Structures are given as structure tokens and as C-alpha cells.
Amino acid sequence: MGVPITHPDGNSSNIIVARPLAERMRPLTLHDYVGQQHLVGEGCALRRMIDNKHVSSFIMWGPPGVGKTTLAQIIAQAMGTAFFTLSAVSSGVKEVREVIEKAQKSSFFDSPTPILFIDEIHRFSKSQQDSLLAAVERGIVTLIGATTENPSFEVITPLLSRCQVYVLKPLSDDDLHTLMDKALTQDLLLKERDIKVEETTALFQYSGGDGRKLLNIIDLVVSSYADNETAVINNRTVKTQLQLNPAAYDKDGEMHYDIISAFIKSIRGSDPDAALYWLGRMVSGGEDPKFIARRLIISAAEDIGLANPNALLLANAAFDAVEKIGWPEGRIPLAEATVYLACSPKSNSAYMGIGKALQLAEERGNLPVPLHLRNAPTKLMKQLGYGADYKYAHDYEGHFVVQQYLPDELKDERLWHGQPNAAEQKLRDRMNELWKEKKF
């Protein structure tokens, strides 16, 4: 619950320093665990592992505050095995080897394999991940990794092939409501307070599916009232406290997602000053440079696109440069790419086009490829008309000939709409000249 403060004279004060609500509410069993029922519900993958007392190595991929660390601890407790943890932010190869050695010493013939939990495994370098591989292969440890990044990008293939990947989802509003009710009725401190919940819209909105954020915001709002006052949780009190204490609900770096959002939106909005500011915030906060570089590549393709195709080349070059030179110099190519992207003309025509294509694919199903576009590697296929009447564009003047390329059911659909910028205007003019009947 908390600890008394001891003064220099040796006397203990009656003041109690409570642990944060999120820590006080950390569940110890699956019964108290909220969310991720697709993994821990009856008959689901992780639940079966626990019930069968047989856990193999796996990686949990999901946003912050959805219960990755808690789930690993619950599994270790249920298995009755030694539990070791490493943070990829502060651990190197030396620490990895030391903890593997401890795991070997703690393992006995008839005991379950020790669990090694690695938080933010995406931050481990290749050499650090290599140092884990042998221990996982030999069964010295059962690896449980947690990451907010796509493991297929960040985890080496040999290690990834030995781990199942489970995707954890943001908590739903129902999950957040359950968590809030548990906190207000079960927490030793909050259940003694007079707390009135009038509205939850802002509370859930600012939590963003993050259980830790939800509990930190509740803690923040309730602590703004005196012990003898009724603490009111509504949209106004939540917004007021978050404006007064913008980082109070974000003690463990979950602003990561808010800041990258501001960064990308500043580039999209053509504000190089704001984009550089948010870049500086990320660099000074220790953000993974490859995370920033990947977002620049996405921004170049999604928001600038065909208005300036060079933007994607420069963003990709910045990613390569960061990988080669690292910190602190890597901040310079990132800044160069950031300013270039922010100052570039913007177009999302390619992004919108692929979105329309995916929508059509989903709605219309597997439409057949027109016969004249099909490949005909066998005699039978040729007899069936595969490839017949196909017009080879290079045989015609200007290397172009009018013919149908879409399925019959979609022949009049338009997916790409060129936008009014200098680069795309040239593309539109060319397409309109070639395709007389279409308007791009």
C-alpha cells in the first residue's frame, strides 16, 4: 500500500507514500487480468499453455499499457518457475550472458524451464539477439519478449522462427470500464474515497486503449481533491488535470505515440519548425532512431507521394545513413529528411488509390483475370484462350495501345485521381492524352 516516511531524527511520520495506482492494481492471476480475451480466454492459445503447464517461447506485440509485462509475470507465477527480466534499453550482451548463466544455475532436472522476459526486445541489437539464440535453442530459458514494434522488422529471423508471435490489442471501452470499476472498488486507497463518476468519454479517449494511462489519469484526478472532498470524474475534470499536468499520466514514456503523431502531422501540414521541434523531443527523449526513420519513409509515401517522388528516395537514404553512422550524428540526416518532407508539396493520391483498390478487392471478391491478360505456359491454356488477343504495348506507336486491363465488372472504375500539383499534373496530362475516354 505504501511506506512511512522516516525523518532524519529517526521518527516515522504518519504520511503514507503510496505506489502509483497502476502498480497497486497490477493483477497477479488471469482471473483479475483485463483484456486480451482472444489470447487468454477459455480455450485460447496462451490460456491453453498455462493450463497445460507447457509454455514455449513467444513474443507479444502490441501498444503500451495493454498488459504485456503483467501477462508474462502471471505466466511465470502460474508455471512456478524462475522469472528473469531484462530491459533492452539498459542491457547489453554482458547482461544477457549473466542472466542466462543465472537461469542455468536455477534450473533443476524436474523443474520448469526458467522464463526470461525481455521488455522492448525490438531495441536489442543483432549481436544482443544472437547472444540469446543458443539459450533459446538449447532450452536453457523460455523467452517471452514484449515489443511495440513489428517483430518481423526488428527481431532476427533465426530467433523469430523459434518464437510464436501473439498480437495484443488496445483495451476496448468495455475493458477500460471494467478496469476502472476494479480500481474504484478494490484498490485499498480509492475504495476509502468518495468518488463520483459522472462521465467517461474524455477518460477513455485520453487513455487510448492503454490501461496504465487510464489508471494514471484516475489517480491524477482523484489526487486533485482533498481527502474529505467528493472526487468527481467527468470530461471537464479529466481535461483540466491533463492540461495542468501534461506528463503526469505518462511517466513511462507512453507519450512516444503522441509525439510521433505530432511529428507526422507537422510534416503533413508543411510546418518544418514544428516538425524539427518534435524530432528534437524524440531525439532528446532517447527514441529509437530507426523508429523515426521508418515513420519518415511512411510519411514520404503517404503524404508527399507523387507530388515529389524524390521525397521517398531521401527518406530511405536517411534510414540507411542512420543505420550506418548511429547516434549522435544520425540526428543530422533525420533532420535533413524532416525539413525536406515538411517543405515538399503534398499528395495522397497513391495512398487513396491503394485504399480504393483494397476496398474493391474486399467488396467484389476474387474477380477473374480477363483471358487476354492471362499467362499461357501450356498448350491447353492456349486452346482455352489464355493470352489470346493480348496487344503487346511496345509493338505500337508511343509504346501504348488502348486495351482493357481491369476485370469486366470493374472496367469503368477509377482508382487513381491525380491531384493538382506540378509533378502530378504532368502525369495527368500524359494519361489523359493516352486514354481519351478516361479523365484522370
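Provided above is the structure to which this section pertains.
Throughout what follows, the structure given in this document is the object of discussion. (Residues numbered from 1 in each chain as written. Predicted model: local features only at pLDDT ≥ 70, side-chain atom pairs only at ≥ 80, totals over all residues. Heavy atoms only, no water.)

### A short note on the packing of helix α15 (residues 289–304) against helix α17 (residues 331–343)
Any two packed helices are characterised by the angle at which their axes cross and by the distance between the axes.
Here is step 1 of the chain: Two elements in contact, α15 and α17, have axes whose closest approach is 11 Å; the angle formed by their N-to-C orientations is 20°. By the angle between their directions, the pair α15 and α17 is classed as roughly parallel. Relative to α17, the crossing made by α15 is left-handed. Note on element contacts: α17 touches α15 through Leu334, Ala337, Thr338 and Leu341, opposite Pro289, Ile292, Ala293, Leu296, Ser299, Ala300 and Ile304.
Here is step 2 of the chain: Of the residues in the contact of α15 with α17, the class split is nine nonpolar, two polar and no charged. (Axes fitted to C-alpha atoms, helices over the stretch in contact; angles between N-to-C directions. Helix = DSSP H or I, 4+ residues; strand = E, 2+ residues; numbered from the N terminus. Parallel < 35°, antiparallel > 145°, perpendicular 65-115°, else oblique. Left-handed = near helix turned anticlockwise from the far one by under 90°. Contact = heavy atoms within 4.5 Å. Nonpolar A, V, L, I, M, F, W, Y, C, P; charged D, E, K, R; others polar.)

### Re α15
Side chains of residues three or four places apart in an α-helix project in the same direction, reflecting 3.6 residues per turn.
Here is step 1 of the chain: Helix length check: α15 (16 residues) gives 21 Å between terminal C-alpha atoms against 22 Å at 1.5 Å per residue, within 8%.
Here is step 2 of the chain: With its phi angle positive at about 50°, Gly305 sits one or two positions after the end of α15. (Expected span 1.5 Å × (residues − 1).)

### Examining the pairing of strand β3 (residues 58–61)
Here is step 1 of the chain: Where β3 lies against strand β6 (residues 142–147), four bridges are found, and the strand directions are parallel. When the bridges of β6 are listed, Ile59 appears paired with Gly145.
Here is step 2 of the chain: Where β3 and strand β7 (residues 164–167) come together, four bridges link them in parallel fashion. Looking at the pairing, Trp61 lines up with Val167 of β7. (Pairing = 2+ DSSP bridges.)

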